[in-house]
Amino acid sequence: MTAFWTEPDFDDHEMVHVVRDRASGLMAIIAVHSSHLGPGAGGTRFWHYPNPKDGLRDALRLSRGMSYKNAMAGLPMGGGKAVILADENRTKTPELLAAFGDAVEALGGRYVTAEDVGISEADMVAVSQRTTHVSGLPVSGQGSAGGDPGPFTSYGIYLGIKAAVAHRLGTDSLDGVHVAVQGTGSVGGGVARLLAKDGARLTLADIHKDGVEALADELGAAVVAPDAILATKCDVFSPNALGAILNEDSIAQLDTRIVAGGANNQLARSAHGKVLFERGILYAPDYVINAGGIISVATEYLARREGRDATRDEVNALIEKIPGRLTQIWKKSDADSISPDVVADRMAQELIGRG
Ligand code: NAD
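On a predicted model such as this, the values are computed, not experimentally measured, just so you know. (Residues numbered from 1 in each chain as written. Predicted model: local features only at pLDDT ≥ 70, side-chain atom pairs only at ≥ 80, totals over all residues. Heavy atoms only, no water.)

**Focus on the sheet that holds strand β12 (residues 282–283)**
Then step 1. What the six strands build is an open sheet, ordered β9-β8-β7-β10-β11-β12; its pairing is parallel. In this open sheet, the two strands that pair with only one neighbour each are β9 (222–223) and β12.
Then step 2. Of the strand pairs in this sheet, strand β7 (residues 178–182) and strand β8 (residues 201–205) are connected by five bridges, and their pairing is parallel. By the bridge assignment for β8, His178 is matched with Arg201. (Pairing = 2+ DSSP bridges. Helix = DSSP H or I, 4+ residues; strand = E, 2+ residues; numbered from the N terminus.)

So, in C-alpha cells, the structure goes:
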C-alpha cells in the first residue's frame, strides 16, 4: 500500500490503522479523521475492492465525512470509518468478524463502529461479542431508541423539507406543496409517509415498480418512471436513492425550487453546489439533513455507556434541531452569497477545530 499521507483524500487524519489477521483472513483499514469532539464514530463497510487503494480512499474520504456529519449533528463524537477489504467471494465468517471486533477493542474506544454497506445488524451483534465500542445494535424495549436508523433519518429529512419550504416558499404549511421523491426505500418511503400526513402532493419514483406503486396507492401519490423524476416540475426534489445524483446534466433537468433529501454524497463534485446555487435552487446539505440516523446510533451508544437505554424522545429532541441548523446555513448562504454546501463545510470545520 502507498503512503496514505500522499493520497489526495488525506486531510490530516489523526489515525489510519491497517489490520491484518492471517488466521481469519481479515484485512481492514480503520481511519479516524478527527477526535476533536469525541471518539471517531462511523460505520464499517464490507466491500470487495479490486484495487485495495480504493478501500484506503473510502476510509479516508468517509471518515472525514463523518467528522463533518457528527459535528453538524451536535454530537460529542469525532469522525471515523472502517473498511473491511473483502475477498472476491465476499467471505464473511464469524472468525473474521471476531478478529475485527478485537481490532476495534484494541483501539480502546478511539473508534466506535456501526453498520454500513455490507454489514448487517447481526454482524454488529457478532462484533459486539468482542468489543463494547459498537453501536447500531437491536433494541427490544418499547420507547427505546436504536436499531434501524432509517425512520430517524426520515424524520430529520421531513423536518428539513418543512424548514426549506418555510425558507424558500415562505409558508409553514406543506398542504399542496409538491414533492418529487426519488427512491422510496427505508428513508424515502418514510419521508413520503410523513409528508403525506401533512397534505403534501407527492410524485414518487423507484426502480422497484411494485413497491413504489403500492406506496403510491396507500398515499394517493403519483408515480413516474425513474428517469422522469429529475425533470418533474415540483416545489421540492427529494433524492433518497443514489449518491452523486447532482451533476451538470441532472441539475440542468431539475424543475424545482428546493433539493432536500437523504441520499449520501448527492453532489457529484463539490462544484455542483455552486451550480445549484446559481440556478436559484435551495440545497439542503446532505450530511446535515440526513443526520437523524447517526443521531439515533450515537445516542444509543452514549446512553449504553451510562448503563441505560436511550429513549426515542431524547433522540427526537436532537433530530428536531436539524431544521434550525439548516436555516442557519441558508441565512448565512443568502447573506454571504456562498452556496449552502460550502457554508456547511466551513461551519463543520470550525466545530472540529480546523476552521
Ligand atoms: P434503501 O435501499 O432502503 O432504499 C433505496 C431505494 O432507492 C430502493 O428502494 C431502490 O430501489 C431505490 N433506487 C435505487 N436506484 C434508483 C434509481 N435510479 N431511481 C429511483 N430509485 C432508485 O436505502 P435507504 O436506507 O433508504 O437509503 C437511501 C439513501 O439514503 C442512501 O443514499 C443512503 O446512503 C442514504 N442514507 C440512509 C440512511 C439510513 O438511515 N438508512 C442514513 C443516511 C443516509
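That was the structure; now back to the text.
**Remarks on the packing of helix α5 (residues 186–197) against helix α6 (residues 209–219)**
Then step 1. Where α5 meets α6, the closest approach of the two axes is 10 Å, and the angle between their N-to-C directions is 15°. Relative to α6, the element α5 is oriented roughly parallel. The interaxial crossing formed by α5 with α6 has right-handed handedness. Every residue of α6 that contacts α5 at Gly189, Ala192, Arg193 and Ala196 is listed here: Leu215, Glu218 and Leu219.
Then step 2. Across the contact of α5 with α6, the residue classes tally to four nonpolar, one polar and two charged. (Axes fitted to C-alpha atoms, helices over the stretch in contact; angles between N-to-C directions. Parallel < 35°, antiparallel > 145°, perpendicular 65-115°, else oblique. Left-handed = near helix turned anticlockwise from the far one by under 90°. Contact = heavy atoms within 4.5 Å. Nonpolar A, V, L, I, M, F, W, Y, C, P; charged D, E, K, R; others polar.)

**A few points about the site of the ligand**
Then step 1. What surrounds the ligand is a group of 21 residues, the closest being Thr153, Ser186, Val187, Asp206 and Asn264.
Then step 2. Within the contact set of the ligand, an oxygen atom lies 3.2 Å away from a side-chain nitrogen or oxygen of His208.
Then step 3. The fraction of the free accessible surface of the ligand (820 Å²) that becomes covered by protein chains is 72%.
Then step 4. If you list the elements that add at least two residues to the shell around the ligand, you get α4 (150–169) and α5. (Near = heavy atom within 4 Å. Polar contact = N/O pair within 3.5 Å; in protein donor to acceptor, adjacent residues only side chain to side chain. Areas by Shrake-Rupley, 256 points an atom, 1.4 Å probe, with all protein chains shown as cover.)

**Here we look at the side chain of Thr131**
Then step 1. The residue Thr131 is located in the loop between α3 (121–127) and α4 in this model.
Then step 2. Apart from the residues lying within four places of it in its own chain, the contact partners of Thr131 are Gly101, Val104 and Glu105.

**Description of the nonpolar core**
Then step 1. Core analysis: the biggest nonpolar cluster contains 59 residues, and Ile161, Val179, Leu195, Leu202, Leu204, Val236 and Ile295 have the highest contact counts within it.
Then step 2. Sort the elements by how many residues they give to this core and α4 lands first, with eight residues.
Then step 3. Aside from chain neighbours lying at most four places away, what touches Ile161 is Val191, Leu195, Val236, Ser238, Ala260 and Ile289.
Then step 4. Of all hydrophobic cores here, the second largest spans 23 residues; its members include Val32, Leu96, Ala103 and Tyr111. (Core = buried A, V, L, I, M, F, W, Y, C linked by side-chain atoms within 4.5 Å. Buried < 20%, exposed > 50% of the residue type's maximum accessible area, 1.4 Å probe, protein only.)

**Looking at the pairing of strand β1 (residues 15–21)**
Then step 1. Here β1 runs beside strand β2 (residues 26–34); their pairing, made up of seven bridges, is antiparallel. Residue pairing for β2: Met15 is matched across the bridge by Val32.

**Describing helix α8 (residues 271–278)**
Then step 1. Buried within α8 are the following residues: His272, Gly273 and Leu276. An end-on view of α8 places all buried positions within 110° of arc, on one side of the element.
Then step 2. In this structure, the buried side of α8 is in contact with α7 (248–253), β11 (258–259), β12 and α13 (340–351).
Then step 3. Gly280 occupies a position one or two residues after α8 and carries a positive phi of about 75°. (Arc of directions from axis to C-beta.)

**Comments concerning the layout of surface pockets**
Then step 1. Here the second largest pocket defines a volume of roughly 280 Å³.
Then step 2. Lining the second largest pocket we find 14 residues, and of these Gln182, Ile207, Pro226, Ala241 and Leu242 sit closest to its centre. (1 Å grid on protein atoms, 1.4 Å probe; cavity = no way out; pocket = protein on both sides within 12 Å on 5 of 7 lines; lining within 4 Å. Points joined across faces, edges and corners; volume = space filled by probe spheres on them.)

**Here we look at α13**
Then step 1. Here α13 is 12 residues long and its end C-alpha atoms lie 16 Å apart, about the 16 Å a rise of 1.5 Å per residue gives.
Then step 2. Where α13 is buried, its residues touch α1 (52–72), α8, β12, α9 (286–289) and α12 (322–336).
Then step 3. A positive backbone phi angle near 75° is found at Gly353, which sits one or two residues after α13. (Expected span 1.5 Å × (residues − 1).)

**What to know about the packing of aromatic side chains**
Then step 1. Counting across every chain of the model gives two aromatic pairs.
Then step 2. Taken together, a centroid distance of 6.4 Å and an interplanar angle of 25° make the contact between Tyr155 and Tyr158 stacked. Pair noted here: Tyr155 and Tyr158 are both in helix α4, with a separation of three residues, about one helical turn.
Then step 3. Sitting above the plane of the Trp47 ring, Arg90 keeps its charged end 5.7 Å from the centroid.
Then step 4. Across from the ring centre of Phe46, 4.9 Å away, lies the NZ or CZ of Lys92, which sits over that ring. (Phe/Tyr/Trp six-rings, centres within 6.5 Å; stacked < 30°, edge-to-face > 60°. Lys NZ or Arg CZ within 6 Å of the ring centre and 35° of its normal.)

**Overview of the side chain of Ser67**
Then step 1. Secondary-structure assignment places Ser67 in helix α1.
Then step 2. Take Ser67: its relative accessible area is 1%, and that puts it in the buried class.
Then step 3. A distance of 2.7 Å separates the side chain of Ser67 from the side chain of His33, its partner in a polar contact.
Then step 4. Within the structure, Ser67 has its side chain in polar contact with the backbone nitrogen of Ser34 (distance 3.5 Å).
Then step 5. Contacts of Ser67, omitting those with residues within four sequence positions, involve His33, Ser34, Gly78, Gly79 and Ile352.

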